[in-house]
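As a plain string of letters, each chain reads:
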Amino acid sequence: MVSVDAVGSVPTPAPFSARHRRLAPAFDHVLAQPPGGLAEMHRLRGRVPFWDPVIDEIDGRRIRVGDHWLIDFASCNYLGLDLEPEIMAAVPEYLARWGTHPSWCRLVGNPRLFTELEQALAELLGAEDTLLFPTVSHIHFSVLPALAGAGAVFVELRAHHTIHEGARMASTRGARVIRFREENLPGLARKLAASDRNPKVICVDGVNSMTGNGPPLAELTELARAYDALLYIDDAHGFGVLGERSADELSPYGSRGNGTVRHLGGDYDGLVLVGGLSKAYSSLLAFVACPPEIRHFLRIAAGPYTYSGPPPVASFATAQAGLRFNAIRGDVRRADLYRRTSRVLDGIHALGLETRNETGFPIIEVPLADPDLIEPLGTFLFNRGILATMVPYPIVPRRETGFRISVTAANTDAEIEELLRVIAAAADRFPLRRAADGPETGDG
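Anyway, here's the lowdown on the structure attached to this text.

Reading the values: rules and limits
Residues numbered from 1 in each chain as written. Predicted model: local features only at pLDDT ≥ 70, side-chain atom pairs only at ≥ 80, totals over all residues. Heavy atoms only, no water. Buried < 20%, exposed > 50% of the residue type's maximum accessible area, 1.4 Å probe, protein only. Helix = DSSP H or I, 4+ residues; strand = E, 2+ residues; numbered from the N terminus. Pairing = 2+ DSSP bridges. Disulfide = S-S within 2.5 Å. 1 Å grid on protein atoms, 1.4 Å probe; cavity = no way out; pocket = protein on both sides within 12 Å on 5 of 7 lines; lining within 4 Å. Points joined across faces, edges and corners; volume = space filled by probe spheres on them. Nonpolar A, V, L, I, M, F, W, Y, C, P; charged D, E, K, R; others polar.

What about the pairing of strand 3 (residues 68-72)?
In step 1: With four of five residues buried, strand 3 lies mostly within the body of the structure.
In step 2: What sits between strand 2 (residues 62-65) and strand 3 in their antiparallel hairpin is a turn of two residues, with Gly66 showing a positive phi close to 65°.
In step 3: As paired elements, strand 3 and strand 12 (residues 386-387) share two bridges and run parallel to each other. If you follow Asp72 over to strand 12, its bridge partner there is Leu387.

Notes on the state of the cysteines
In step 1: Counting across every chain of the model gives zero disulfides.
In step 2: Cys290 provides the cysteine sulfur closest to Cys203, a residue in no disulfide bond, and the two sulfurs are 15 Å apart.
In step 3: Exposure remark for Cys290: the relative accessible area of 4% places this residue in the buried category.

Quick look at the pairing of strand 4 (residues 129-133)
In step 1: Taking burial as the measure, the five residues of strand 4 include five buried ones, the bulk of the element.
In step 2: Alternating positions in strand 4 separate into two faces, Asp129, Leu131 and Phe133 on one and Thr130 and Leu132 on the other, with burial throughout.
In step 3: Here strand 4 pairs with strand 10 (residues 286-290) via five bridges, running antiparallel. Of the residues in strand 10, the one forming a bridge with Phe133 is Ala286.

Here's the deal with empty space enclosed by the protein
In step 1: If you walk through the whole model with that rule in mind, you get one cavity of 30 Å³ or more.
In step 2: The computed volume of the largest cavity comes to approximately 60 Å³.
In step 3: Mapped by element, the contributors of at least two residues to the lining of the largest cavity are strand 4 and helix 12 (303-307).
In step 4: Grouping the amino acids of the lining of the largest cavity by side-chain chemistry returns eight nonpolar, two polar and one charged.

As structure tokens, then:
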């Protein structure tokens, strides 16, 4: 067993609950609420250097927090386009033409920036149409309730937290929320058959943000069509990284980066694909790929289209420049990403550690055998110069509490090797879960 004292001496701030001034009674009532399932996150906030750190400077994939430099394995800028000079250079021309921000809501004014990008995305995806929103969260909180109406939302238990939040919002409009596990599709079939509500919407991740795995798309598609359900896929982590398979592909990630549906050989019949440009394309934009009739419905039914402010002009500039980069050099960049990810996975497997990643996609979670040690483990990684995403319960099941590594094409080979050295040192000091222990199972 490791003690907190054994992991270093980086100072940590005072606990979140500490207060040195009087607040209005109304704030006291807010702060007096029990944290419930978020107790572990509440406990960590303000106590540890790896939680909510202020980043003062970046240098490639190295970041500075105060006077402490770390290698960044928490970024989701998978293709490294956030650091690409030619993409940054595209911004001034757009600013000169459009200003910094088109602050109309889209119902009042639609700059051509939107329609040009929507057409380019539809062409890349091979979809009939797309509709842009500021973020994927905006989509889950507005599009999902609009699609579900007073019907039923079937949410995969491991789907992203914001999908579950969107489902809860759908429930306030009268929808029934039913949860299932991808490992138990016969159970989902029984739940679909038992439901007399319509519309039915089945919600899953494209690439899961913790396991790095994709969905059983063919089986889900068959179920959705059998029960007249809409399949709703959040491809925030897949779009830009995965693409259609071809004989001349440069890596198993496929070609063109046009998303998980194309990568798994699916189509958009009865399927709504939600994707974001904030990860692979490093731009604050998100889209819904859907038929034109659904697009027109969402323009009225989804609140952010009618009421929200749009993304900044710089996001349109970097998105369009990123699409041009993708068309010419995207597959080479994805091949670099695959090679670096494979090296990390090979190193983790050589240490005998468990990870649920079965696909080779660039999201790798390493769980602790003792979830109570997440605080000293996170501090250990931080002190050793590694910024990873610490994942306490309830972000993941308690048995899978640990840390997540996000590999990007901008990470150097030397940084990858340093990461593996630090993980090996962590494995010597902490009870990281071993592959022989096996993953968690259960029904849904």
